[in-house]
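Here is how the chains run, residue by residue.
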Amino acid sequence: MLQRASHYVHCVVIGFLVLFLAACGSSDEADRPEVGFVTNGIASFWVIADRGANTAAEEFDVEVSVMMPPDGPAGQSRMVESLLARGVDGIAISPSDPVNQAGLLDEIAQNTYLITHDSDAPESQRLVYVGMDNYEAGRMCGQLLKEAMPEGGEVVLFIGLLGQLNADLRRQGVIDELMDRSHDNSRRDPVDQVIANERYTILDTRVDQFDFARAKGQVEDALARYPELDAMVGLFVYNPPQILEAVREAGKLNEITIVGFDEDAATLQAIRDGEIVGTVVQNPYRYGYESVRVLASLARGDQSVIPENQFIDIPARRITVDNIDVFEAELEDIIGN
Amino acid sequence: MKKLFGILGVLVAVFVLTAILEPNFLTAYNLQNTLRWTGLFGIISIGAAFVIITGGIDLSTGSVIALVGVLVPMLLVDVGMSLVLVLLILFGILLTMGIFHGVLVTKLNLQPFVVTLCGLLIYRGLARWLAGDQTQGFGSAFDGLRQLAIGRIPIAGDFGLPIPFVILIVLAFLSAGFLHGTVWGRYLLALGHNEEAARFSGINTSRMITVAYVIGVMTAGFGGLLFSLDVNSIQPAVHGNFYELYAIAAAVLGGCSLRGGEGSIFGVVIGAAVLRLLYNAINILGIPTQLEFAIIGTVILVGVSTDEIVRRLAARHELKTTRDT
Amino acid sequence: MGEIPLLEVQGITKRFPGTLALDSVDLRVGYGEVVAVIGENGAGKSTLMNILAGVLLPDEGTIHLDGQVQAFASVKQAHAAGIALIHQELSLLPNLSVAANLYLGREPARAGWINKRTLRTQALKYLERVGLKCDPQTLVAALPIGQRQLVEVARALASNARLLIMDEPTSSLAEEEAEVLFGVIRELQERGVSVLYVSHRLREVMSIADRVVVLRDGRITGRLAQESVTRDEMVRCMIGRKVNRIYTRKRNEPGPVVMRVEGLVTRSTKKRSLSFCLHEGEIVGLAGLVGSGRTELLRILFGVDMPKSGLVTVAGRPVELKSPHHAIAAGIALVPEDRAKQGLILDMSTQPNLSLGALYRHYLGWKLLDRTWENSVTKGMVGQLNIQGVQAGKPTRHLSGGNQQKVVLGKWLTLHPHVLLLDEPTRGIDVGAKQETYKAIDELAARGMAILLVSSESDEIIALSDRVLVMQDHTIVGELDHTELTEKALMQLATGTVHKSPTEEESIGEAA
């Protein structure tokens, strides 16, 4: 009796699942090419990229699936596999860990067109990289700090994760700029050493694994540990707001120079209020847009969209109090769409 | 109290060692911060302790924190509801969730691990869906409300007691009073030790277990409110990830047995303090962040084994003295 | 009797702390012989079977198998020698197939892979031998209980058992299923398999056994050949013990009816529903053999299990027994059989254990614990029941069995219930503590409590009860007044030798 009851329950559950999946999959099936846009996580940043991708999809008449993995590389491979299984005509991906994901990237390249965006995988068979040069963006960030603090001082860097190419390059760019080194993006300074020249001392780089509360705690710990600290650089989108919170609560807004990355609303407001010197922004909208544009052409057999150097540069921009109004209007425009 | 010696020892040892190695550790600013984090994590650990005392476990804490963290700014800022209404809605939702957990565990006889694991998945998913994966926050509004999380009660000079820590201490006294001073607390301890005997003593064990799950979810939700006010920037996919494990670790460090029945609220507070102190020590001593988990895992093991050894020695001693008499 | 028997046991003695479980027992079982071992609860039957099956080691004595001396250090060794024990509680794994159960741990395998085909053909062979026509792939869970018993037998045969020890094999079988089992036993007998059949169902024993051995207090008190087996003779051997006046009670006139049970039908009810009543100040013994349904009845009266139908009234009001707290609120309390699992919170000290049952009505505002009341109750109970070894904060785990039982009793005395249900209240406690328990029970009755006492020790029932209800097969088969209360009368009713119908008798048909 009990067995039969549980059998019924199973049937009902399976029935619902089937209905649910059918409902999900019942979008209109056209002959349009289908492309995939895979991010390296879930963030407001990627929501903007999503807008760009969808705008391009309409414009160039393709179907785009934007996929945001909640759990990094594991989620990426899961999503890529399902895209490949659906037989998409091209995939744009921001690889979380390009070195160890070589196999996954090869698999994409063998089955369909592979391009990278946001973070590159130069060793792979990707046809093109759509994005900014993270090393140069990092240097831009360093430049902002130099201008705000020409006399020099002690600096701590905050970042979500190391080992991901764009993060490593960003950090290296800041360090090289502050140390007045030549442009060479292959250097890697170790994390646990103090790096210094006659003007600037980079005391530490703290990694928070995307835990916002921890990011804030680490700023507080740095303030406690280095009472003489002069500047902080937050390299992931949520770092500048967390730095701002902690520094404000410590009452040290006048003592600490803050430079950020990306365009969190709190960051922008702080720039306007003069609490943050400036930020370096990418253009995720263009990442999405360009990726889909390129994939759409490739899917229709047009290889001419690929430039010689296999790099479509979406340059980073520096936002300070001077140009913040223009930038915010632009942003409004995109999200308003 | 005998049981708390090991963990108190760890607390003092880490404190003294860090203070010696890094004088800046003892600044008012740093101590305030550590106390604030202890407050925030201690609150959710007390909830975890109540569930663990019944012999269950609550894995949904982190996701409840995320859901609350998304809901509160959305309702307050985007929808523009009044604070009282938002708090009422929150209370209703949390109560429903707690009863839901309790009923599944007691009436359907599902394992607590399974029920709350599904809670973990469901609430995280809801939080992400509600927010559309967009980061939520209060912006620069609600500064008054935010004082609940970031405010301080001035004591002397620079030093002020962070409000979350004050809340934790009040909550700890209330919880300890509930657990050790009321009929319901006695019932929880009894059924945690031996559910069948408790039932045979006329205790409505199903209802009491449900009460424990409600307390678990309520404190997680309240903690979640404070967390969201503190960080002011809630990314629904990652906010509160693994916090249930911190809460469980603090409860276990503080002397709760996962077999049920054992538990001291003040032990849990000390357990939470040890964990936050360790995080602070790792950062302030400049130990590479990569080693964080390894160090914390080691300290939990040391603390728990010390307690166990002390307990056994005490039991042996007790046996000896009873034999002698 | 000149030839060597299959099994020859000589001078087996086994002591447990405080009791002599077996006292130089001799036993022979010939090839293809069915020998029944009967005796009261606690006569030593199970101990003997466990020694033969290698579960326990004897303190003294020898076991010969085929004339060879054996010393079984483990179940495995006894098994290898051809002795298989089939337990009262079946040991099959319900979520595996019949075939898998038959060969559990001995699967025909090649290089680690189970040979499914061999498994199947072998399984079919043994299933046929016990007359079971089922697919070896069937899950055991899908078989009725009687067929599972046969699978147990088949499993024993598959391991080449020559002596089957069956412990109460029919206790959970319907009559027809039992008949099938007897058929199988007779067939096995013809193939030369011997059976040692433990039961207290005398009718069964008469029909199946070649010889009957009667155990009492660890000694063999009777050896009856099939020709001379009669019920009276068996009962005489089982009870022939001198009855000790273990406690003398001053009997008082029972008062009005406190609890009335009418037409109670339980899940196990086979024939007749249950009806009885308890009077104020009366101790009613509930006698019967193991498995006759006594504990089940107490569980229903305490709200742990639900009856199918029936009406219970306490003090004139019908009560709904949905859970123990409903029962307690209605004035019913239970001292359960298993102290450690159901009676006490062993890791808590005496005080919270004593007050636990009454907390629902003794508290201050805001549900705060009333410590003053708790302290005084603890003090009072410790004094009244003479509980030894109590220390503040000392877990009841460290108290002796007798004192633990007093704590359980004390827990209910704080509530002054109308009806006190006692399930084996003196099990596992020493003689001195037993006396004190009897005294406490006596006093409670004198104060007007109605007490329903389940005990497997007939001494206890006889000494304490004003009246005894005898159960068999989940129903009450007889009622004895204390004037007609003898061990013989009890045993005859409990084993179904005579029938003495209770006054209020109903059939299920009428009750439903």
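Here we look at the overall build of chain A
A tally of helices and strands in chain A yields eleven helices and 13 strands. A compact globule built from 337 residues should have a C-alpha radius of gyration of about 20 Å, and chain A, at 22 Å, falls within 12% of that. In terms of its C-alpha atoms, chain A occupies a principal-axis envelope of roughly 70 × 60 × 40 Å. Looking at chain A as a whole, 56% of its 337 residues qualify as buried. The long-range share in chain A, meaning contacts at least 24 apart out of those at least 6 apart in sequence, stands at 67%. When the accessible surface of chain A is split by element, carbon and sulfur atoms take 51% of a total near 14,300 Å².

What to know about the interface of chain B and chain A
With 39 residues of chain B in contact, the opposing surface of chain A contributes 29 residues. Summing the contributions of chain B and of chain A, the shared interface buries around 2,800 Å²; its carbon and sulfur component is 47%. At the junction of chain B and chain A, the tally comes to six salt bridges. The shortest N-O distance in the salt bridge between B:E22 and A:R225 comes to 3.9 Å. In this assembly, chain B and chain A are joined by 15 residue pairs in polar contact (both at pLDDT 80 or more). Contributions of two or more residues to the side of chain B that touches chain A are made by helix 2 (28-53), helix 6 (143-150), helix 10 (205-231), helix 11 (243-253), helix 12 (265-284) and helix 13 (292-324) of chain B. Split by residue class, the side of chain B that touches chain A holds 17 nonpolar, 14 polar and eight charged.

Quick notes on helix 4 (residues 83-106) of chain B
If you check helix 4 of chain B, its first and last C-alpha atoms are 34 Å apart, about what 24 residues at 1.5 Å a residue would give, namely 34 Å. Looking only at helix 4 of chain B, the buried set comprises B:V86, B:L90, B:L94, B:M97, B:G98, B:H101, B:G102, B:L104, B:V105 and B:T106.

Some words on the nonpolar core
Buried together is how nonpolar side chains tend to be arranged in soluble globular proteins. In this structure, A:M232, C:F302 and C:L420 are the most contacted members of the largest nonpolar core, which totals 202 residues. Among the elements that take part in this core, helix 10 of chain B stands out by supplying 15 residues, more than any other. Counting 59 residues, the second largest nonpolar core, distinct from the first, contains A:A92, A:V128, A:V174 and A:M179.

So, the pairing of strand 9 (residues 163-167) of chain C
The side chains of a regular strand alternate between both faces of the sheet. Residues and elements named next belong to chain C. Counting buried residues along strand 9, five of its five residues qualify, which places the element largely inside the surrounding structure. The side-chain alternation of strand 9 yields two buried faces, one formed by L163, I165 and D167 and the other by L164 and M166. As paired elements, strand 6 (residues 83-86) and strand 9 share four bridges and run parallel to each other. Residue I86 lies in a different strand from strand 9, and its bridge partner there is M166.

Some words on the confidence of the model for chain A
All names here are of chain A. The share of residues in chain A with pLDDT of 70 or more is 91%, and the mean pLDDT across the chain is 87. Within chain A, helix 1 (residues 2-24) has the poorest average pLDDT of any element, 54, and strand 9 (residues 231-234) the best, 96. Long-range and interchain partners of residues 21-29, a stretch whose pLDDT sits below 50, account for zero contacts in this model, where long-range means more than four residues apart.

Topic: the interface of chain C and chain B
Contacts between the two partners involve 33 residues from chain C, matched on the other side by 22 residues from chain B. Buried area between chain C and chain B, summed over both chains or domains, comes out near 2,300 Å², and the portion from carbon and sulfur atoms is 61%. Our enumeration of links across chain C and chain B arrives at one salt bridge. Top contributing element to the side of chain C that touches chain B by residue count: helix 11 (residues 339-343) of chain C, with four residues.

Quick notes on a nonpolar patch on the surface
Residues and elements named next belong to chain B. A contiguous nonpolar patch, built from F113, V114, L117, L121, I122, L126, W129 and L130 and spanning about 770 Å² of accessible area, is present on the exposed surface. Among the secondary structure elements, L126 is positioned in helix 5 (residues 112-131). We classify L126 as partly exposed; its relative accessible area is 36%.

Looking at the arrangement of the chains
The interface with the most contacts, out of two pairs of chains in contact, is the one formed by chains A and B. The least C-alpha distance between chain A and chain C, which are not in contact, is 10 Å.

So, the packing of helix 2 of chain B against helix 7 (residues 163-181) of chain B
All names here are of chain B. Where helix 2 meets helix 7, the axes come as close as 7 Å, and the angle between the chain directions of the two elements is 20 degrees. Judged by the angle between their axes, helix 2 and helix 7 are roughly parallel. The way helix 2 lies across helix 7 gives a crossing that is left-handed. Between helix 2 and helix 7, the residues in contact are L35, R36, T38, G39, L40, G42, I43, I46, F50 and I53 and P164, F165, I167, L168, L171, A172, S175, F178 and L179, respectively. The class makeup of the residues in the contact of helix 2 with helix 7 is 14 nonpolar, four polar and one charged.

Topic: the sheet that holds strand 15 (residues 283-288) of chain C
All names here are of chain C. Spatial strand order, 18-19-20-15-21-22: six strands in an open sheet with mixed pairing. The open sheet terminates on both sides in strands that have one partner only, identified here as strand 18 (332-335) and strand 22 (475-481). Averaged over all neighbouring strand pairs, the angle between strand axes comes to 20 degrees, with direction disregarded. Across four bridges, strand 18 lies against strand 19 (residues 419-423) in parallel orientation. Counted as the bridge partner of I332 is V419 from strand 19.

Parameters at a glance
Residues numbered from 1 in each chain as written. Chains lettered and ligands numbered in written order. Predicted model: local features only at pLDDT ≥ 70, side-chain atom pairs only at ≥ 80, totals over all residues. Heavy atoms only, no water. Helix = DSSP H or I, 4+ residues; strand = E, 2+ residues; numbered from the N terminus. Rg over C-alpha atoms; globule rule 2.2 N^0.38 Å. Buried < 20%, exposed > 50% of the residue type's maximum accessible area, 1.4 Å probe, protein only. Contact = heavy atoms within 4.5 Å. Areas by Shrake-Rupley, 256 points an atom, 1.4 Å probe, with all protein chains shown as cover. Buried area = accessible area lost by both parts, 1.4 Å probe. Salt bridge = Lys/Arg side-chain N within 4 Å of Asp/Glu carboxyl O. Polar contact = N/O pair within 3.5 Å; in protein donor to acceptor, adjacent residues only side chain to side chain. Nonpolar A, V, L, I, M, F, W, Y, C, P; charged D, E, K, R; others polar. Expected span 1.5 Å × (residues − 1). Core = buried A, V, L, I, M, F, W, Y, C linked by side-chain atoms within 4.5 Å. Pairing = 2+ DSSP bridges. pLDDT = per-residue confidence, 0-100. Patch = residues over 30% accessible without salt bridge, like charges linked within 9 Å, V, L, I, M, F, W, Y side chains within 5 Å. Axes fitted to C-alpha atoms, helices over the stretch in contact; angles between N-to-C directions. Parallel < 35°, antiparallel > 145°, perpendicular 65-115°, else oblique. Left-handed = near helix turned anticlockwise from the far one by under 90°.

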